[in-house]
Amino acid sequence: MKNVILGTAGHIDHGKTSLIKALTGVDTDRLAEEKRRGISIDLGFTRLKLEGGATVGVVDVPGHEKFVKNMLAGATGIDILLLVIAADDGVMPQTKEHLAIAEILGIKRGMVALTKADLVEPAWLKMVASDIKTLLEGGNFKGSPIIPVSSITGQGLPELLREIESAAAQVKEKDSSGAARLPIDRVFTIKGAGTVVTGTLWSGRIRPEDQLMVEPAGSSVRVRGVSVHDEQVKEALAGQRVAVNLSGIDLDELKRGDVLASPGFLSETLIFDAKFRLLASEKKPLKTGGRVRVYHGTKEVLARVRLFSSGELGADENGYVRFELEESLSLRLGDRYIVRRYSPVMTIGGGTVLDVNPKYSKRSKESLLSRLKIIDSGDEKEILKLLMSEAKTTFSLSKLARGYDFSKGFLSGILSSSEKEKEVVRLQGDKEDRYMTAAVFSGAKERIKKALTHYHGQNPLSEGMKKDLLRAEALSGFDQKEADALLAKLKGEGMIEVKGDVVSDADFMGGSNETGLAGAEELFVLIESGGFSPPTLAEIEGRGEFSPSELKEYLRMLTSSGRVARIKHDLFYESGFLAKIEEGLLSYLREKGRINPADFRELFGLSRKYILPLLEYFDAKKLTKRVGNDRVLR
């Protein structure tokens, strides 16, 4: 069954709550202060059952100017606008403001309930209806039905219900297959259940046991239960009014304005670029540097505005702007937002989000404008090409989708086509494949080739370059997984060889060649001949048989093969002799319990320069530990 949300709008005391009660039998004013003052202060919720069997969720919003931010929280996710105008008052300030908000939010279906029709003469009623028709001209609600009604006598209620049913039939069914997103408008506790949040589910579905995130805090929560219209359900679908019972979070960790969403779906940001329209009724222009209030979903955030095109924006003008927020928002491309002046607080415009996390750059204003125009065009292929061209390293399907409403099928199709046209290169990944633009791939190949050529020239006896060193020199900005995927691709192409953690040019003939092996063997014999007292590095260098670079490489070859072991920076032992020292030490400690440096010297006939390095080596191996001047088994 299709899920539809109907929302009221209109000036204070024009009968919104009374009308909803007449239609549904429910008084949506739930607060004691609302009962006492006779006005709606916060949001009210109920449902309306239509004759055709459909159920419409109803959001009743406050009309007082002081509570417009509460109205904005309720306007989130509305499909049908029920604009309520009292016949004895006519069009009033909040009527216009609420109507402007509905149009900025992109609500396209609605009707006008001309309430208190029983209190005025027919001629007056006709005149007010004419004023309303003029008000609606030129906007989303041009030609919307205007139905005189009375919550007291029941006049016009059947006609209004028929219009609501007709509008509901035209609402496009929402896609519940994607990620879940629910802007929270209420937080409370229920005895025996715990923390509960409510809101209109913008997208996806929510089921018991789902793991979700509370954004922008990033807190992980588990869904204990889900209700729709006070009834427990197995799942809630996009477009429904939903109550979600959560575990893993306390009441004081949640507030109106937070968003419940699937992990990894939203991008948290303190800055976003957008298309903006200043209302035609605005007398003052919007200027760069101005402080404003930004409303998105159920959240209000203070911000500074920066205009791209000029220093100010006039009435009924569109422009591209950047908002620098004082608190973070969780956004996606195409989201609607409302802007009100900081002071006096009044709605001045709004628009759509174009870039959820723009980077400060040295690009010209013209370049930034060109970029925003491509995104604003809505051409998904062009937008995707833009995003790919901006990738400095690799990108994945999930990375491209983050912050944008591209379907996976669309993304897969474009990437597959781009790969065939050799515009992108695919790299195999553990969990998902990664991609690089041909230009980025070519640049990375050149840098790797250059780095390896230089390294081999400087280290002709080395088998190759360590991956971490290669990444630091040639792949700045690449993380380890990206670098590994790229190296695997280049190995597959035959450009490089990868052995464990070492990378070499495929054409490199150095490393363990015959000359290198002979030199390493000569050094091994020299170290081995020293037995328990091998020559130090300084002593080996003093013999003049090896150059510093040769000595470095031969020692690397011998240690990597396990034939010799480094005791300290200038002392190496043949592994067999080191094993005999270790065996003798263990035997002594098992019998005596402890050993001091003098005993160690006598045990192996060692001079002083070997005793402390060896004892510290066995300490580092966690074989022994120092107690005073002695060593004991660890």
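These figures come from a predicted structure and were not determined experimentally.

Reading the values: rules and limits
- Residues numbered from 1 in each chain as written.
- Predicted model: local features only at pLDDT ≥ 70, side-chain atom pairs only at ≥ 80, totals over all residues.
- Heavy atoms only, no water.
- Pairing = 2+ DSSP bridges.
- Helix = DSSP H or I, 4+ residues; strand = E, 2+ residues; numbered from the N terminus.
- Contact = heavy atoms within 4.5 Å.
- Axes fitted to C-alpha atoms, helices over the stretch in contact; angles between N-to-C directions.
- Phe/Tyr/Trp six-rings, centres within 6.5 Å; stacked < 30°, edge-to-face > 60°.
- Buried < 20%, exposed > 50% of the residue type's maximum accessible area, 1.4 Å probe, protein only.
- Lys NZ or Arg CZ within 6 Å of the ring centre and 35° of its normal.
- pLDDT = per-residue confidence, 0-100.
- Parallel < 35°, antiparallel > 145°, perpendicular 65-115°, else oblique.
- Nonpolar A, V, L, I, M, F, W, Y, C, P; charged D, E, K, R; others polar.
- Expected span 1.5 Å × (residues − 1).
- Arc of directions from axis to C-beta.
- Polar contact = N/O pair within 3.5 Å; in protein donor to acceptor, adjacent residues only side chain to side chain.
- Salt bridge = Lys/Arg side-chain N within 4 Å of Asp/Glu carboxyl O.

Below, the discussion takes up the sheet that holds strand β26 (residues 424-427). The antiparallel open sheet is built from three strands, whose spatial order is β25-β27-β26. A single partner strand is all that each edge strand has here, and the edge strands are β25 (395-396) and β26. Sheet topology note: the β26/strand β27 (residues 434-437) ladder contains four bridges and is antiparallel. For Leu427, the partnering residue across the bridge sits in β27 and is Arg434. The strands that helix α10 (residues 408-420) touches are β25, β26 and β27; relative to β26, the one it contacts most, it runs at about 110 degrees.

Counting across every chain of the model gives ten aromatic pairs. Ring geometry for Tyr573 versus Tyr610: centroids 6.4 Å apart, planes at 80 degrees, classification edge-to-face. Pair noted here: Tyr573 is in strand β32 (residues 571-574) and Tyr610 is in helix α19 (residues 608-620), with a separation of 37 residues, a long-range link. Tyr610 matches Tyr573 in its accessibility class, with the two residues each being buried. Put simply, the rings of Phe532, Phe577, Phe600 and Phe604 touch in pairs and so form one group of aromatic residues. Geometry around Tyr342 places Arg291 over its ring, the cationic atom sitting 4.6 Å from the centre. Here the guanidinium or amino end of Lys580 rests over the ring plane of Phe577, the centre of that ring lying 5.2 Å away.

Here we come to the pairing of strand β1 (residues 4-9). Along β1, six of the six residues are buried, which leaves the element largely enclosed by surrounding structure. Side chains Val4, Leu6 and Thr8 project from β1 onto one buried face, and the interleaved Ile5, Gly7 and Ala9 project onto a second face that is buried too. Note: β1 against strand β4 (residues 80-86), four bridges, orientation parallel. In the sheet register, Leu6 faces β4, and the bridge partner there is Ile80.

On to the confidence of the model for the protein chain. In the predicted model, the protein chain carries a mean pLDDT of 85, and 91% of its residues have values of at least 70. For the protein chain, per-element mean pLDDT is lowest for helix α2 (residues 32-37), which scores 40, and highest for strand β6 (residues 146-148), which scores 95. Between residues 30-42, whose pLDDT stays under 50, and residues either more than four places distant or in other chains, the model counts 29 contacts.

Another point: the packing of helix α18 (residues 597-604) against α19. Between two packed helices, the angle of one axis relative to the other and the distance separating the axes together describe the packing. Put simply, α18 and α19 touch, their axes get as near as 10 Å, and they point 105 degrees apart. With respect to α19, the axis of α18 lies roughly perpendicular. Side by side, α18 and α19 meet where Pro597, Phe600 and Arg601 of the first sit next to Ile611, Leu614 and Leu615 of the second. Residue composition of the contact of α18 with α19, by class: five nonpolar, no polar and one charged.

So, on to the sheet that holds strand β29 (residues 496-499). With respect to topology, three strands assemble into an open sheet ordered β28-β30-β29, the strand pairing being antiparallel. In this open sheet, the two strands that pair with only one neighbour each are β28 (465-466) and β29. The sheet contact formed by β28 and strand β30 (residues 502-505) spans two bridges and is antiparallel. Counterpart to Met465 in the pairing with β30 is Val503. Taken strand by strand, helix α11 (residues 438-458) contacts β28, β29 and β30, and its axis lies near 90 degrees from that of β30. Most of the contacts of helix α13 (residues 480-492) go to β29, to which it runs at about 120 degrees, and overall it touches β29 and β30.

Geometrically, the link from Glu215 to Pro216 is a cis peptide bond, its omega value of 10 degrees lying close to zero. Each neighbour pair has its own omega, and for Ser343 with Pro344 the value is -10 degrees, a cis peptide bond. For Pro344, the position within the fold is in the loop between β23 (336-341) and β24 (347-355).

For helix α17 (residues 575-592), with 18 residues, the first-to-last C-alpha span of 25 Å sits near the 26 Å given by 1.5 Å per residue. Turning to α17, its buried residues are Leu578, Ile581, Leu585, Leu586, Tyr588 and Leu589. Mapping the buried residues of α17 onto a view down its axis gives an arc of 165 degrees, with all of them on the same face. Exposed residues lying more than 90 degrees from the buried face of α17 are Lys580, Glu583, Arg590 and Glu591. Along its buried surface, α17 packs onto β31 (564-568), β32, α18, α19, β33 (624-627) and β34 (630-633). Looking at where α17 begins, the residue whose side-chain oxygen comes 3.0 Å from the main-chain nitrogen of Gly576 is Glu574. Directly beyond the C-terminal end of α17, a positive phi value near 95 degrees is found at Gly593.

Moving on: the pattern of salt bridges. Two side chains of opposite charge can pair, provided their charged atoms sit close to one another. One pass over the full model with this rule turns up 33 salt bridges. With a shortest N-O distance of 3.1 Å, Arg205 and Glu235 are connected by a salt bridge. Of this pair, Arg205 sits in strand β10 (residues 205-206) while Glu235 sits in the loop between β13 (231-233) and β14 (236-237); the two residues are 30 residues apart in sequence, bridging distant segments of the chain. Here Arg205 falls in the partly exposed class, since its relative accessible area comes to 27%. On the basis of relative accessibility, which here comes to 26%, the residue Glu235 falls in the partly exposed class. The salt bridge partner of Arg277 is Asp316, with a shortest N-O separation of 3.1 Å. In this pair, Arg277 sits in strand β17 (residues 267-278) while Asp316 sits in the loop between β21 (312-313) and β22 (318-331), placing the two residues 39 residues apart along the sequence. Under the relative-accessibility criterion, Arg277 is labelled partly exposed at 27%. Each of the salt bridges in this network shares a partner with another, and the network as a whole consists of Arg205, Arg207 and Glu235.

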